[in-house]
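Here are the chains, one letter per residue:
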Amino acid sequence: MPPRARPPPKSARQSSAAGATPQVDLEDLDAQWPPAEDISNESPAQREERLEREREAKRINDEIDLQIELDRTERRKRRPDVKIILLGQAESGKSTILRNFQLKYTPAAFHAETEAWRAVIDLNLVRSVTFLLTLLDETSSAPSPSAASGSSSTNNTISRAHIPSPAVANPDTPPDAQLVPLQRLTDDLRRLRVRLSPLRSIEEALARFISPEQASPRAAHGMLPRPSERAFEVSVRSGSRWKALFRRGGGASKADSQGYGEVQNARRVIEACREDILALWNHPAVRVSLAEQSVALEFQSGFFLDAVDRIAAPGYTPSADDILKARIQTVGVEEHLLKMEIVNPLATEHGQMWSIIDVGGSRGMRAAWVPYFDDVNVLLFLAPVSAFNQTLTEDRSVNRLWDSFLLWKTVCTHKLLKGATFILLLNKYDLLGAKLRAGIQFRQFVTSYKDRPNDTESILTYLKEKFSAIYQQDPENKQNLHVHVTCATDSNSTSIVLARIREVIFTQNFRKANLL
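Reading the values: rules and limits
Residues numbered from 1 in each chain as written. Predicted model: local features only at pLDDT ≥ 70, side-chain atom pairs only at ≥ 80, totals over all residues. Heavy atoms only, no water. Helix = DSSP H or I, 4+ residues; strand = E, 2+ residues; numbered from the N terminus. Buried < 20%, exposed > 50% of the residue type's maximum accessible area, 1.4 Å probe, protein only. Contact = heavy atoms within 4.5 Å. Core = buried A, V, L, I, M, F, W, Y, C linked by side-chain atoms within 4.5 Å. Polar contact = N/O pair within 3.5 Å; in protein donor to acceptor, adjacent residues only side chain to side chain. Salt bridge = Lys/Arg side-chain N within 4 Å of Asp/Glu carboxyl O. Pairing = 2+ DSSP bridges. Axes fitted to C-alpha atoms, helices over the stretch in contact; angles between N-to-C directions. pLDDT = per-residue confidence, 0-100. Phe/Tyr/Trp six-rings, centres within 6.5 Å; stacked < 30°, edge-to-face > 60°. Nonpolar A, V, L, I, M, F, W, Y, C, P; charged D, E, K, R; others polar. Parallel < 35°, antiparallel > 145°, perpendicular 65-115°, else oblique. Left-handed = near helix turned anticlockwise from the far one by under 90°.

**Considerations on the overall build of the protein**
Piece 1. Scanning the protein from N- to C-terminus turns up 18 helices and eight strands.
Piece 2. The buried share of the protein, reckoned over its 516 residues, is 47%.
Piece 3. Sequence-distant contacts in the protein: of pairs separated by 6 or more residues, those separated by 24 or more amount to 77%.

In structure tokens, the structure reads:
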């Protein structure tokens with residue numbers, strides 16, 4: 001006799017009788033969960049399969065619980081020798097600087113995650129391709145090019161300039177303008193559209209694996225992207241264990257992970273599409289359309305279209321620079337414990353535990369920073385100097401450089417950070433130079449710059465003066481401000497900066513021990 005079906009909860013029965021939308025009482029809902037599984041007609045083979053699934057689920061759960069408990073025990077047992085916090089707005093390069101720390105001071109741990117980062121690079125690449133495929137969508141109801149280009153005038157004051165977001169170089173492009181597809185497709189473009197269409201499902205599979213909580217891609221809902229959108233954005237919440245699926249003993253073996261199989265299948269599809277991706281990116285009509293709409297993908301983080309021939313090749317293994325260039329957005333606050341692997345016999349830090357706090361930089365996440373300010377030894381603030389002609393994603397009326405100034409002022413005056421050493425990194429100077437060479441005028445967006453030269457060195461000098469003046473406005477800031485110009489995706493130049501930061505930490509520790 002099959003088990004009797006449970007009656008609906010009382011609140012649901014009452015609502016249904018009244019013809020309204022059913023309302024479920026939470027206590028009744030808890031009583032029904034988990035739902036009973038009908039095993040009355042289960043065969044011996046099915047029973048054994050079910051029990052094996054339950055044993056495997058329990059094993060994975062026990063491993064995760066054990067790892068969490070080991071982490072807690074380790075943290076209680078050993079307080080970090082150095083605590084560093086990375087601050088700055090979203091897409092300023094904080095996570096990339098963290099990867100540089102890992103590469104330089106914990107190289108074994110860094111290279112152990114290479115395979116996991118390949119999945120992120122694949123997703124960055126695939127998203128850029130699906131972004132381009134929207135140009136080949138003949139069925140979309142896109143606005144006319146004139147409507148997309150807009151006619152709003154630009155206010156040149158830095159606080160209210162109508163400035164485009166990361167992909168856009170034209171200040172007259174409205175932030176809500178949609179990408180306009182090509183009006184007439186040639187036969188070769190139609191063939192490319194058909195042959196590259198499997199990458200849309202590959203994009204969804206990779207996004208599901210890396211960031212299950214992330215919303216489905218815009219293209220999946222038939223919506224056109226905006227020129228101002230980041231084409232390659234990948235978001236991961238703090239505490240996510242997506243990297244563990246690529247490690248041995250990380251909670252789920254490769255053989256047992258369906259998601260891992262999808263990642264491997266995605267890699268094979270990308271390899272098969274390599275020539276077509278190259279043809280699409282290098283097609284004159286695509287390049288002209290992007291230029292006419294002022295879309296500059298090469299200025300975005302996570303841009304790999306210029307390396308398709310290498311990245312989509314069979315047997316590809318990401319280089320250190322590829323991993324640094326990969327784009328993944330931090331959502332929330334995450335602490336990374338680095339056990340220093342310095343092999344130099346004169347290095348006193350070998351075996352030390354450094355805590356590096358990586359934070360989400362968007363406006364809605366900044367309130368979560370303050371609890372992590374206690375006992376900070378070094379504050380690294382990243383200001384993306386290339387963002388002078390961009391606006392915040394969360395508020396299109398605010399210039400990103402202006403936001404960096406305001407955020408820096410808030411940090412410099414915070415009481416909990418008075419004992420920390422401040423290090424300012426003027427990041428992304430390479431993209432700043434590329435924009436200036438493309439003819440973009442810095443003074444068009446920063447009116448106080450006036451008639452100074454439109455070159456990288458002059459602009460960096462100006463920005464150093466402005467940030468230093470803000471720091472010195474607070475009389476309690478008695479320590480020297482350390483300023484460095486960085487390109488976080490360049491491991492060689494950043495390594496030199498990290499060595500100087502290490503010297504600062506070394507000197508700070510000596511002073512606290514009254515040895516200096």
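**Focus on the nonpolar core**
Piece 1. Ranked by internal contacts, the top residues of the largest apolar core, which has 51 residues, are Leu132, Leu199, Leu280, Leu297 and Leu305.
Piece 2. Contributing elements (two or more residues each) for this core: helix H6 (114-133), helix H8 (187-196), helix H9 (198-210), helix H10 (258-272), helix H11 (274-281), helix H12 (284-292), helix H13 (308-311) and helix H14 (320-325).
Piece 3. Among the elements that make up this core, the one with the highest residue count is H6 (eleven residues).
Piece 4. When neighbours within four sequence positions are excluded, leucine 280 is seen to be in contact with Val129, Leu132, Leu133, Leu136, Leu189, Leu192, Leu196 and Val286.
Piece 5. Listed in part, the 39 residues of the second largest apolar core include Trp369, Phe442, Phe467 and Tyr471.

**Focus: the side chain of serine 92**
Piece 1. Relative to the elements of secondary structure, serine 92 occurs in the loop between strand S1 (82-87) and helix H4 (94-105).
Piece 2. Among the residues examined, serine 92 registers a relative accessible area of 0% and is labelled buried.
Piece 3. Of note is the side chain of serine 92, whose polar atom sits 2.8 Å from the backbone oxygen of glutamine 89.
Piece 4. Those residues in contact with serine 92 that lie beyond four places of it in its chain are Leu382, Pro384, Arg400, Asn427 and Lys428.

**Here we look at unusual backbone geometry**
Piece 1. The backbone of serine 294 sits at a positive phi, close to 60 degrees, despite the residue not being glycine.
Piece 2. At lysine 428, a residue that is not glycine, the phi angle is positive and equals roughly 70 degrees.
Piece 3. Here lysine 428 lies in the loop between strand S7 (421-427) and helix H16 (429-437).

**A few points about the environment of glutamate 91**
Piece 1. Relative to the elements of secondary structure, glutamate 91 occurs in the loop between S1 and H4.
Piece 2. With 296 residues separating them in the primary sequence, glutamate 91 and alanine 387 have C-alpha atoms 9.6 Å apart.

**Things to note about the pattern of salt bridges**
Piece 1. Across all of its chains, the model carries 24 salt bridges by this definition.
Piece 2. The shortest N-O distance in the salt bridge between aspartate 322 and arginine 310 comes to 2.6 Å. Taken as a pair, aspartate 322 in helix H14 and arginine 310 in helix H13 lie far apart in primary sequence, twelve residues in all.
Piece 3. Salt bridges sharing common partners tie together Arg363, Arg366, Asp395 and Asp403.

**Things to note about H16**
Piece 1. Within H16, burial applies to Leu431, Leu432, Gly433, Ala434, Lys435 and Leu436.
Piece 2. As for H16, its buried residues are in contact with helix H17 (456-472).
Piece 3. Glycine 439 occupies a position one or two residues after H16 and carries a positive phi of about 100 degrees.

**Digging into the sheet that holds S7**
Piece 1. Judged by pairing direction, the sheet is mixed, and its six strands sit side by side in the order S4-S5-S1-S6-S7-S8 without closing on themselves. Strands at the two margins of the open sheet, each flanked by one partner only, are strand S4 (333-339) and strand S8 (482-486). Across the sheet, the mean angle separating the axes of adjacent strands is 20 degrees when strand polarity is ignored.
Piece 2. As paired elements, S7 and S8 share five bridges and run parallel to each other. Opposite asparagine 427, over in S8, you have threonine 486 as the bridge partner.

**Thoughts on the confidence of the model for the protein**
Piece 1. Summary statistics for the protein give a mean pLDDT of 78 and a share of 71% for residues scoring 70 or more.
Piece 2. Counting interchain partners and residues more than four positions distant, the pLDDT-below-50 stretch residues 215-231 has 49 contacts.
Piece 3. Contacts from residues 248-256, a stretch scored under 50 in pLDDT, to residues over four places away or in other chains number 13 contacts.

**Notes on the packing of aromatic side chains**
Piece 1. All told, the structure shown has 14 aromatic pairs when counted by the stated rule.
Piece 2. When the centroid spacing of 5.5 Å and the interplanar angle of 50 degrees are considered together, the rings of phenylalanine 422 and tyrosine 471 count as tilted. Pair noted here: phenylalanine 422 is in strand S7 and tyrosine 471 is in helix H17, with a separation of 49 residues, a long-range link. Of the two residues, phenylalanine 422 and tyrosine 471, neither departs from the other in class, the shared state being buried.
Piece 3. Judged by centre distance (5.2 Å) and plane angle (85 degrees), the rings of tyrosine 449 and tyrosine 462 are edge-to-face. Linking tyrosine 449 in the loop between H16 and H17 with tyrosine 462 in helix H17, this pair joins segments that are 13 residues apart in sequence. By the burial criterion, tyrosine 449 is buried, and tyrosine 462 matches it.
Piece 4. By way of ring pairs, the aromatic residues Phe381, Phe405, Trp408, Phe422, Phe467 and Tyr471 are connected into one cluster.

**Comments concerning the packing of H8 against H9**
Piece 1. Between H8 and H9, the least distance of the axes is 5 Å, while the angle of their chain directions is 35 degrees. Facing H8, whose interface residues are Val194, Arg195 and Leu196, H9 presents Pro198, Leu199 and Arg200.
Piece 2. Partitioning the contact of H8 with H9 into residue classes produces four nonpolar, no polar and two charged.

**Quick notes on the environment of aspartate 81**
Piece 1. Secondary-structure assignment places aspartate 81 in the loop between helix H3 (44-77) and S1.
Piece 2. Aspartate 81 gets classed as partly exposed once you look at its relative accessible area, which sits at 34%.
Piece 3. Taking the C-alpha atoms as reference points, aspartate 81 and asparagine 377, separated by 296 residues in sequence, lie 9.4 Å from one another.
Piece 4. Those residues in contact with aspartate 81, other than ones at most four positions away along the chain, are Gln352, Met353 and Asn377.

**Description of the packing of H6 against H11**
Piece 1. At a closest axis distance of 11 Å, the pairing of H6 and H11 adopts a crossing angle of 50 degrees. Here H11 runs oblique to H6, going by the angle between their axes. Relative to H11, the crossing made by H6 is left-handed. Mapping the contact onto sequence places Val129, Leu132 and Leu133 in H6 and Ile277, Leu280 and Trp281 in H11.
Piece 2. Here the contact of H6 with H11 is built from residues that sort into six nonpolar, no polar and no charged.

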